[in-house]
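Chain by chain, the residues run as shown.
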Amino acid sequence: MTHAWPMPGSSSSHIHKLKPWLIYTLLSLFATHSHCNGDLDIPQEVNLLTNIDSHRSQQLSISWLGGTASTFDLIVLRTEFNETVFNETVTATQENGRHHWNWTSAEPLKCTSLSVRLRSRDGQKTSDWSTTVIYRGLDDPSQTGSRMIPQDPVVLVGDNITVCCIVGERKDFGNIRYNTTVMDSVRLSRRSYATTKTNLEASTLTGTNVFCSSALNLLTGTVVFVGYPPLPTDLVCETRDLTSVICQWSPGNTHLHASRRTFYTLNGRDCAEAIPKKPPTDCRLPEWAGNWILVARNPLGQSSLSYSAQLSHRVHPVAPANLTAVAHAWNATLLWDWEYAAYAPLALACQVEITLDGHVKKRTFSGAGLRSVALLDLVPVTEYQVRVSCGAQQNFWKWGSWSKTLAFRTEIDVPEAPDLWVSLDKDNTGNVMGQVMWKPLTHRQSHGEITGYELTLWSPEENVQHTETLAPGIHETPVNLTHMAVEGRVVATLTAKNAAGVSPPASIVIPKPKSDPEPGAVSRVAGAGGGFPLSWASDANASQGYVVEWQEATCLHDCPVHWTKVAAERANVSLVSDSFRAGVRYILSLYGCSPDSTELLQRWQGYTQELVPISAVPSLTTNQRNSDIELTWQEIPEADRRGFILGYRVYLITDRQLTLYANLSGPGSRSYTVKNLPVKFYKFTVKAYTSAGEDTGSTASITMASYTDWLLLEILASLGTMTLFLFIVTFVCYKKRKWVKKAFYPDIPEPKLAGDWSRTQGPLDVKPHANSMVHIVDESAWASSKEKLVVIPEEDENEERGVRDDPVDTDEPMSIRYYNQMVDERPIRPRYPDSSESSASSLDSARTDVTYTGIQTSGSSLAFRAEPMFSQGGQQPQGGFPVSPAGRGGGYRPQVQPEVPGPDPLPVAPQSFPEPQPEKGGSFGSYQPQCSWQLDSPGDGDGDEGSIGAPSMGSPTSVASTQFLLPQEEGRSEGERSSSATTWLHDLLSSTKS
């Protein structure tokens, strides 16, 4: 349809109203412009065309008359808002004197009114614009209702679609929703709004809804169908009646249905729809053409397929009809008919599917026009189900349709011979007991219902026969062969009965009673695949084959026995049985069968599958042996092993972790000793293991106690070390005794005394110097038990010495009487410390009078200071004799004799003497006994005395002393006099010398 209207206001009806001067000016301008563009024609007769019926068309076809120009300026505007949509220079095509150019709009053309105008262009030269032509949209004021454009479009999957909503007059626009999604919209005019949905997905059966709503309610809407163009595949044509043709294909899914579905034609003929408004998948033609073309069409496009074949190469037989069967005990005959007579000369191959107890087998037969087949090797008294399907034997195309299933039952027949076996053993009384066993006949073997069994035991040597009839439900019976010739042959024969008759006999020579196998006579066999693969050396005597018998090794009484028979030409068997269980040890025995005997050839033991032991190592105990721990356990019971025990593993549990301590290979291990462990808490786990793994393990713990043996060993080692050390020291000292004696125990020269000291000595008179005297201080601090030296004054001087008999003055010497400590025949030695014997000896000793002559010092006078004497403990008194500042002197310290109780104590009358007072500047000499020798006395004083004066000339020695009473100290230093440790050691060695 063409719509062309001049622009509003372009009419010249009002030109006469303009003023003359304005008219003149416009005409002048027009004349000038015409002169400049006089070579280009203005486009005339502009037409706008579109295919309104095409919902996908958004293309506007523009045509015009425009002279010889080939390029044109084209402007497209939205009429109401005067918005430019397109403004470009285009090159048009020319046909029949008219120029053509197609413009594609972004929105459906009917969404809003469009204005179009053109002008010719030649380089920079242009003509005037053509008259504006308007393409009216549905938003024209004359269209007052609401509507959505396009309506029910069909769009290709993956494309974009733009829809617009034209709101009715006096209606408000709300939004546009694609299914449930609110879309962004663009306003095209006063009433028109547009939105675009990109990359469309396939729609559902009913399409996808698009709604245009106001703020309060729904205004209008449309349905978008998104799908694919038709694309059929797998076109095949065949015949079933050898005359007509049936072509089939796969239509594919276009997601378009109902009126938008795909339509098919085969060789130009429409294909009937098997289901209304649903695309067909096959098409029938009455005659075979040899070549076929299939065309498929839908709103999104079309496609085609072709196929070619010969009739004899595309025969697909129909299903056999009227299938029947004639059954016998061991075979049956099947019969059927064909629907078409044309099958009679056709070479056919037919397959018969036989179903028995859920198992399906197929048998194939062939022949021209095949109508019957014979089924052989069936089982008596068995129900079968069969069906038949055929195909062309030559140029086979495919198997035809299956016939209906037919069921039939075969007839009864005599049973098969039972599978017989006899197992013998001896009881405690020596009787030979046997168990005659046979396997129940299966349905395929019984050929009908079994009515009973007949068992016969026959001894050819004794010609003894025993026959017994057994019920049909019995499959074993015990026999006592004690009274028969067990050393000879005993033959067992068994027959089965049913309604058709008696089975063939099953016979076997009863084997000898089994004895306990010798160690190593039973070999191990490893299970595989739930059974045992056995092989053996072929035996020439086993002319009637072999029998393999097995039973559980842990079973003790009424054990089920299983067996299987192997042909004589075989020497191996893969033993599989439903009776086998994993983790159970089986004993397997191989027998060789001959007409005269049944001999045991070989025995095995093994597990079909080894498992970990079901129980842990029993009775795990720990025992401490000094620093070792001994672990002991018992053997796992046979039923709980579930495999061959390969050994035991000992673990030490530390911080909740198992640490492997020892791996004991061999099943005979029952103990293990962990050596040299420190004293603390231990926990051990022992696990037995098979080839399948370890058991759960038994755990035992122990806290080690301190072991006395180790303690005694340490004590003995310490004592031994000390003894060795003392021995070495003693040995060294013995070897070096001279050096030791010289270093620590030097010899002290004994005094040489003149005269006979064996008799009692008289008093030793000492005539002091005329100006010297000895004062003995009576120390009141001494203990009352101690005896004191008694001073005896000399009343007159010995005239023989020529001493004057003058009155005694302060310088008059005195004669003292000194008692020696002991008088003995033995050499005189020191007696320190005093003992009771020395004290008694002192009492019996002779009195010694000693007179000391001091050296007179001028102007001196004596001054004596009270000095405590030795205590019985041998300690030296502290302090000394002080002297005047200008004098030097020493004091006499006699030995102290302890007072020893006795029957005849020696009375001594102490005497007191006035203490002379020293004069200023005076000096004196005094007598000092051995105990005052500081360097040689262990009880030396504290060394705070003043310097010792020069000793008296001719210092006397006590009769019981080994030292000089007055020491020679001239060459000694102060440090030597204060060395008490050296003096003590020297006196100790001197006092202990014998």
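Each value, and the rule that gives it
Residues numbered from 1 in each chain as written. Predicted model: local features only at pLDDT ≥ 70, side-chain atom pairs only at ≥ 80, totals over all residues. Heavy atoms only, no water. Helix = DSSP H or I, 4+ residues; strand = E, 2+ residues; numbered from the N terminus. Buried < 20%, exposed > 50% of the residue type's maximum accessible area, 1.4 Å probe, protein only. Contact = heavy atoms within 4.5 Å. Disulfide = S-S within 2.5 Å. pLDDT = per-residue confidence, 0-100. Core = buried A, V, L, I, M, F, W, Y, C linked by side-chain atoms within 4.5 Å. Polar contact = N/O pair within 3.5 Å; in protein donor to acceptor, adjacent residues only side chain to side chain. Salt bridge = Lys/Arg side-chain N within 4 Å of Asp/Glu carboxyl O. Pairing = 2+ DSSP bridges. Patch = residues over 30% accessible without salt bridge, like charges linked within 9 Å, V, L, I, M, F, W, Y side chains within 5 Å. Areas by Shrake-Rupley, 256 points an atom, 1.4 Å probe, with all protein chains shown as cover. Axes fitted to C-alpha atoms, helices over the stretch in contact; angles between N-to-C directions. Phe/Tyr/Trp six-rings, centres within 6.5 Å; stacked < 30°, edge-to-face > 60°.

Quick word on the overall build of the protein chain
Here is step 1 of the chain: Within the protein chain, the regular secondary structure consists of 8 helices and 59 strands.
Here is step 2 of the chain: Going through the 994 residues of the protein chain one by one, you find that 40% of them count as buried.
Here is step 3 of the chain: The long-range share in the protein chain, meaning contacts at least 24 apart out of those at least 6 apart in sequence, stands at 67%.

Some thoughts on the state of the cysteines
Here is step 1 of the chain: Counted by the stated rule, this structure contains 6 disulfides.
Here is step 2 of the chain: One disulfide bridge connects Cys 111 with Cys 164, the sulfur atoms lying 1.8 Å from each other. Taking the sign of the torsion about the S-S bond as the criterion, the disulfide between Cys 111 and Cys 164, at about -90°, is left-handed. With Cys 111 in the loop between strand E6 (98-104) and strand E7 (114-122) and Cys 164 in strand E12 (residues 161-166), this pair connects stretches of sequence that are 53 residues apart. Of the two residues, Cys 111 and Cys 164, both sit in the buried class.
Here is step 3 of the chain: In the protein chain, the cysteines engaged in disulfides, taken in order along the sequence, are linked 1-2, 3-4, 5-6, 7-8, 9-10, 11-12.

Quick look at the confidence of the model for the protein chain
Here is step 1 of the chain: Put simply, the protein chain has an average pLDDT of 76, and 69% of its residues get 70 or more.
Here is step 2 of the chain: Note on residues 779-982: pLDDT under 50 across the span, and 388 contacts to partners over four residues away in sequence or across chains.

Here's the deal with the nonpolar core
Here is step 1 of the chain: Counting 27 residues, the largest nonpolar core has Leu 420 and Ile 510 as the members making the most contacts within it.
Here is step 2 of the chain: Elements with a minimum of two residues in this core: strand E33 (420-426), strand E34 (432-438), strand E35 (450-459), strand E38 (491-498), strand E40 (506-509) and strand E46 (585-593).
Here is step 3 of the chain: Every residue in contact with Ile 510, bar those within four places of it in the chain, is listed here: Val 422, Leu 424, Leu 457, Leu 481, Val 490 and Ala 492.
Here is step 4 of the chain: Counting 26 residues, the second largest nonpolar core, distinct from the first, contains Val 318, Leu 346, Val 388 and Cys 390.

Considering the side chain of Ser 214
Here is step 1 of the chain: Considering the arrangement of structural elements, one finds Ser 214 in the loop between strand E17 (208-213) and strand E18 (218-227).
Here is step 2 of the chain: A polar contact is formed between the side chain of Ser 214 and the side chain of Asn 217, at a distance of 2.7 Å.
Here is step 3 of the chain: Not counting residues within four places of it along the chain, the set of residues in contact with Ser 214 comprises Asp 172, Phe 173, Gly 174 and Leu 219.

Regarding the pattern of salt bridges
Here is step 1 of the chain: On inspection of all chains with the given rule, the structure shows 23 salt bridges.
Here is step 2 of the chain: Residue Glu 638 is joined to Arg 585 by a salt bridge in which the shortest nitrogen-to-oxygen separation is 2.6 Å. Taken together, the residues Glu 638 in helix H3 (residues 638-641) and Arg 585 in strand E46 connect sequence positions 53 residues apart.
Here is step 3 of the chain: Given a relative accessible area of 16%, Arg 585 falls into the buried group.

Let's talk about the pairing of strand E53 (residues 681-690)
Here is step 1 of the chain: Among the 10 residues in E53, 8 count as buried, and that is most of the element.
Here is step 2 of the chain: Sheet topology places strand E50 (residues 647-654) next to E53; 6 bridges connect them, and they run antiparallel. When the sheet's bridge partners are listed, Tyr 648 is paired in E53 with Ala 688.
Here is step 3 of the chain: In terms of strand pairing, E53 meets strand E54 (residues 693-694) through 2 bridges, oriented antiparallel. When the sheet's bridge partners are listed, Thr 690 is paired in E54 with Gly 693.

Here's the deal with a nonpolar patch on the surface
Here is step 1 of the chain: Taken together, the side chains of Leu 711, Leu 712, Ile 715, Leu 716 and Leu 719 define a hydrophobic patch exposed on the protein surface, amounting to about 490 Å² of accessible area.
Here is step 2 of the chain: Summarising the element assignment, Leu 712 is placed in helix H4 (residues 708-735).

Here's the deal with the sheet that holds strand E15 (residues 186-187)
Here is step 1 of the chain: The 4 strands lie next to each other as E10-E12-E16-E15, forming an open sheet whose pairing is antiparallel. Edge strands, defined here as strands with exactly one partner in the open sheet, are strand E10 (147-149) and E15.
Here is step 2 of the chain: Two elements, E12 and strand E16 (residues 192-197), share 6 bridges in a ladder whose sense is antiparallel. Each residue of the ladder has a partner; that of Ile 161, found in E16, is Lys 197.

As for the sheet that holds strand E23 (residues 282-285)
Here is step 1 of the chain: Taking strand neighbours across the sheet as the criterion, the 3 strands line up as E19-E20-E23 in an open arrangement whose pairing is antiparallel. Every other strand in the sheet has two partners, leaving strand E19 (233-238) and E23 as the edge strands with one partner each. In this sheet, neighbouring strand axes are inclined to one another by 15° on average, regardless of whether the strands run parallel or antiparallel.
Here is step 2 of the chain: Sheet topology places strand E20 (residues 245-250) next to E23; 4 bridges connect them, and they run antiparallel. Bridge pairing in E23 links Cys 247 to Cys 283.

Considerations on the packing of aromatic side chains
Here is step 1 of the chain: Overall, the coordinates contain 23 aromatic pairs when judged by the stated rule.
Here is step 2 of the chain: With a centroid separation of 5.2 Å and an interplanar angle of 70°, the aromatic rings of Phe 396 and Trp 399 are classed as edge-to-face.
Here is step 3 of the chain: For Phe 396, a relative accessible area of 40% translates into the label partly exposed.
Here is step 4 of the chain: For Trp 399, a relative accessible area of 33% translates into the label partly exposed.

Considering the side chain of Ser 130
Here is step 1 of the chain: Position of Ser 130 among the secondary structure elements: in the loop between strand E8 (125-126) and strand E9 (133-135).
Here is step 2 of the chain: Setting aside residues no more than four positions away along its own chain, Ser 130 makes contact with Ile 42, Pro 43, Val 46, Arg 117 and Leu 118.

Concerning unusual backbone geometry
Trans is the common state for peptide bonds, and a negative phi is the common state for residues other than glycine.
Here is step 1 of the chain: With an omega dihedral of -5°, the bond running from Ile 149 to Pro 150 counts as a cis peptide bond.
Here is step 2 of the chain: Residue Arg 170 is not a glycine yet carries a positive backbone phi of 65°.
Here is step 3 of the chain: For Arg 170, a relative accessible area of 86% corresponds to the exposed category.
Here is step 4 of the chain: The phi angle at Asn 199 is positive, at roughly 50°, despite the residue not being glycine.
Here is step 5 of the chain: Within the secondary structure layout, Asn 199 lies in the loop between E16 and E17.

Regarding the pairing of strand E30 (residues 372-375)
Here is step 1 of the chain: Only one face of E30 is covered, namely the one carrying Val 373 and Leu 375; the face carrying Ser 372 and Ala 374 has none of its residues buried.
Here is step 2 of the chain: Here strand E27 (residues 332-337) pairs with E30 via 4 bridges, running antiparallel. By the bridge assignment, Leu 335 is partnered in E30 with Ser 372.

What to know about the environment of Ser 130
Here is step 1 of the chain: A residue is classified by how much of its surface remains accessible, and Ser 130, at 6% relative accessible area, is buried.
Here is step 2 of the chain: In this structure, the C-alpha to C-alpha distance between Ser 130 and Asp 41, residues 89 residues apart in sequence, is 9.7 Å.

Quick notes on the environment of Phe 532
Here is step 1 of the chain: Among the secondary structure elements, Phe 532 is positioned in strand E42 (residues 532-535).
Here is step 2 of the chain: In this structure Phe 532 comes out as buried when scored by relative accessible area, which is 0%.
Here is step 3 of the chain: Once you skip the residues sitting within four places of it in the chain, Phe 532 turns out to touch Val 525, Ala 526, Gly 527, Val 573, Ser 574, Leu 575, Phe 580, Tyr 586, Leu 588, Gly 606, Tyr 607 and Thr 608.

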